[in-house]
Amino acid sequence: MTIDLEALFIDLHRNPELSFQEVRTAGIAAGHLRDLGLEVTEGVGRTGVVGVLANGAGPVVWARADMDALPVVEESGLPYASTATGIDAEGHEVGVMHACGHDMHVTAMIGAVEELVRTRDEWSGTLVVVIQPAEEFGAGARAMLDDGALDRFPRPDVVIGQHVTPFPAGMIGVRPGPQMSASDGLHVVLHGRGGHGSRPHSTIDPVVMAAATVMRLQTVVSREVDPHDLAVVTVGAIHAGTKNNIIPAEATLDLSLRYPDDALRTKVLAKVERVIKAEAMASGATEEPTIETLHTLPATINDDEATERATAAFRAAFGDENVIDPGLFTGSEDVSWFARDAGVPLVFWFWGGIAPARYAAAVAQGTVDSEIATNHSPFFAVEIHPTIEVGVQALTVAAREFLG
Ligand SMILES: [Zn+2]
Ligand SMILES: [Zn+2]
């Protein structure tokens, strides 16, 4: 009996679940893994699932797929578009959509496991399938690790994973070294002293402090980071005050920071902190700003040697012309926590999900940016075939490369 992967994908797409609420999705994945003969543990890191396929002596490969959806109202126009709603972490009712393609990740993983089970006489070792929650919170991998994933299951020798992306279907994008940026989300509270708007001299005005801080933060990348390096400092939210004639007691800023590696991360974080504290001091604040880290995503850095092995295997399977270096992505991922905590190599790649003819037409017209919806867009639409088949094959090829 073979699993109907198209039906599985459409079912997951129609029934997306928000981060840490992936109960139905986890149950479906666990059911398939159990049917395929794996030893399955549910509820790892809240909603995570781990399946172990022990197949004799040899290396342990962890293959990870994330499964959460996003608070996005789907506008793809697909016949199987989601109309689901959910309650987000703040308690708001929101539309829910698999706008990042994690439905495809789960589908391809189940297909790859089926293939590896079918061919188990040809390899030996242990495959550990990690179905991860809450990637979009940057919290799911950490939750599974904090729940003892490395101690409760065979420890990996290598961690592999993949993400569907708006390349033509059939293409694989992979590179050794930095593949995706590190990211930190910071919540900053600037403490002033409130008072009457007519008596500014009796206050420490956090609105002016916030304005000066936002402007000075713009110089971190433009004046302090080497122009050859890539870094982003964005203040995405600023809040203070209630009324024109009241000077509030505090102001808050929410920052998103991106960098390709740990060294630049350390430098940029220190510079940002210095600017925030110095502007508070310049304003005469008597209390230091509070800087809280909302999330930390490490840089996704592919191990050189392991990635070269996987890339050679992809070239052999898909042809040289279908395996490209996609460059560094400014987006971020939490998959590398698994490899970092275990101290083992990571290989993470992208695979295309857009109909090749549609992609080629957009390239010809110079409209790729406007016509081809990216991940997180309400219009994001993955071509079912051959995306499923390529995703299954890529995972299988990479797993087989590292299994004995
Ligand atoms: Zn995403
Ligand atoms: Zn994603």
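On a predicted model such as this, the values are computed, not experimentally measured, just so you know.

So, the domain arrangement of the protein
Working step 1: According to the domain assignment, the protein contains domain 1 (5–180 + 299–402) and domain 2 (182–296).
Working step 2: Contacts between the two partners involve 11 residues from domain 1 and, on the opposite side, 9 residues from domain 2.
Working step 3: In total, domain 1 and domain 2 occlude about 750 Å² of area from one another, counting both sides; carbon and sulfur atoms represent 56% of this.
Working step 4: On the domain 1 side of the interface with domain 2, the three residues burying the most area are Ala299, Thr330 and Ser332, jointly 46% of the side's total.

Details of the nonpolar core
Working step 1: Counting 65 residues, the largest nonpolar core has Ile160, Phe314 and Trp349 as its most contacted members.
Working step 2: At 10 residues, the largest contribution of residues to this core is made by helix α12 (residues 384–402).
Working step 3: Excluding residues that lie within four positions of it along the chain, Phe314 makes contacts with Ile172, Val174, Gly319, Val323, Trp349, Ala394, Val397 and Ala398.

Re the packing of aromatic side chains
Within a pair of aromatic rings, the relevant descriptors are the distance that separates the centres and the angle that separates the planes.
Working step 1: Evaluation of the coordinates by the stated rule reveals 7 aromatic pairs.
Working step 2: Judged by centre distance (6.2 Å) and plane angle (65 degrees), the ring pair of Phe20 and Phe137 falls under edge-to-face. Placement of Phe20 in the loop between α1 (5–14) and α2 (23–35) and of Phe137 in the loop between β6 (125–132) and α4 (140–146) is noted, with a sequence separation of 117 residues between them.

Re the sheet that holds strand β12 (residues 232–240)
Working step 1: Pairing is antiparallel in the open sheet, where 4 strands are placed in the order β12-β14-β10-β15. The open sheet has two free edges, formed respectively by β12 and β15 (290–297), since each of these has just one partner strand. Within the sheet, the average angular offset between the axes of one strand and its neighbour, ignoring direction, is 15 degrees.
Working step 2: With 8 bridges connecting them, β12 and strand β14 (residues 250–259) associate as antiparallel partners. Each bridged residue has a counterpart across the sheet, and for Val232 the counterpart in β14 is Arg258.
Working step 3: Against the sheet, helix α6 (residues 206–224) makes contact with β10 (182–191), β12 and β14, and its axis sits at roughly 175 degrees relative to β12, the strand it touches most.

A few points about the coordination of the zinc ion (ligand 1)
Working step 1: At 2.0 to 2.7 Å from the zinc ion (ligand 1) lie its protein donor atoms, namely Cys100 (SG), Glu136 (OE), Glu136 (OE) and His376 (NE2).
Working step 2: Each of the 4 donor atoms around the zinc ion (ligand 1) contributes to a set of angles spanning 52 to 150 degrees, which defines the coordination as irregular.
Working step 3: As a motif over one chain, the donors of the zinc ion (ligand 1) read C-x35-E-x239-H.
Working step 4: In this structure, the zinc ion (ligand 1) is positioned 3.1 Å from the zinc ion (ligand 2), and both are ligated by Cys100. One end of the pair, Cys100, is in the loop between β5 (93–95) and α3 (102–118); the other, His376, is in the loop between α11 (368–371) and α12, and 276 residues separate them in sequence.
Working step 5: On the basis of relative accessibility, which here comes to 7%, the residue Cys100 falls in the buried class.
Working step 6: Accessibility expressed as a relative area gives 39% for His376, which makes it partly exposed.

Re the coordination of the zinc ion (ligand 2)
Working step 1: Looking at the zinc ion (ligand 2), one finds its protein donor set to be Cys100 (SG), His102 (NE2) and His163 (NE2), positioned 2.1 to 2.3 Å from the metal centre.
Working step 2: Mapped onto the polypeptide sequence, the residues donating to the zinc ion (ligand 2) form the spacing pattern C-x1-H-x60-H.
Working step 3: You can call His102 buried: its relative accessible area is 0%.

Examining the pattern of salt bridges
Working step 1: Under the definition given, this model contains 21 salt bridges.
Working step 2: Here Asp325 ties to Arg175 by a salt bridge, and the two come within 2.9 Å at their closest N and O atoms. Remark: Arg175 occurs in the loop between β8 (172–173) and β9 (177–180) and Asp325 occurs in the loop between β17 (323–324) and α9 (336–342); sequence separation between them is 150 residues.
Working step 3: Arg175 sits in the buried class, given a relative accessible area of 19%.
Working step 4: The partner of Glu401 in a salt bridge is Arg309, and the shortest N-O contact between them spans 3.0 Å. On the criterion of sequence distance, the pair formed by Glu401 in helix α12 and Arg309 in helix α8 (residues 304–318) is long-range, its members being 92 residues apart.
Working step 5: A single network of salt bridges, built from pairs that share partners, joins Arg64, Asp66, Glu333 and Asp334.

As for unusual backbone geometry
Working step 1: Put simply, His385 and Pro386 share a cis peptide bond, and its omega is 5 degrees.
Working step 2: Residue placement: Pro386 occurs in helix α12.
Working step 3: The backbone phi angle of Phe20 is positive, close to 65 degrees, even though this residue is not glycine.
Working step 4: One non-glycine residue, Arg46, adopts positive backbone phi at about 75 degrees.
Working step 5: For Arg46, the position within the fold is in the loop between β1 (39–44) and β2 (48–55).
Working step 6: Judged by its relative accessible area of 59%, Arg46 falls in the exposed class.

Definitions and cut-offs
Every chain is numbered on its own, with residues counted from 1 as its sequence reads. Chain A is the first chain written and ligand 1 is the first ligand written, with later ones labelled in order. Note on the predicted model: pLDDT of at least 70 is required for a residue's local features to be given, and 80 or more for side-chain atom pairs to be given and counted; whole-chain, interface and lining totals, by contrast, use all residues. The basis for the side-chain values is all heavy atoms of the structure; hydrogens and waters are excluded. What fixes the domain bounds is an automatic or database domain assignment. Note on definitions: a residue-residue contact is assigned when non-hydrogen atoms from the two residues lie within 4.5 Å. Take the accessible area each of two parts loses on contact, using a 1.4 Å probe, and add the two losses: that sum is the buried area. Grouping buried Ala, Val, Leu, Ile, Met, Phe, Trp, Tyr and Cys residues that are joined through side-chain atoms within 4.5 Å yields what is termed a nonpolar core. Three exposure classes are used, based on accessible area relative to the maximum for each residue type with a 1.4 Å probe and protein chains only: buried under 20%, partly exposed in between, and exposed over 50%. Only DSSP runs of H or I with at least four residues qualify as helices, and only runs of E with at least two residues qualify as strands; both kinds are numbered from the N terminus onward. Working definition: a ring pair exists when centres of Phe, Tyr or Trp rings (six-membered ring for Trp) sit within 6.5 Å. Plane angles under 30 degrees give stacked, over 60 give edge-to-face, the rest tilted. The pairing criterion for strands is at least two bridges between them, as found by DSSP. Lines fitted to C-alpha atoms define the axes, with helix axes restricted to the stretch in contact, and inter-axis angles between N-to-C directions lie between 0 and 180 degrees. Coordinating N, O and S atoms are those within 2.8 Å of the metal (3.2 Å for Na, K and Ca), and as water is not part of the atoms, a site may appear to have fewer donors than expected. Each label reflects the angles at the metal, where four donors whose angles all fall between 85 and 135 degrees are tetrahedral, four or six donors whose opposite pairs open beyond 155 degrees and whose other angles stay between 65 and 115 are square planar or octahedral respectively, and the rest are irregular. Any Lys or Arg side-chain nitrogen located within 4 Å of an Asp or Glu carboxyl oxygen qualifies as a salt bridge.

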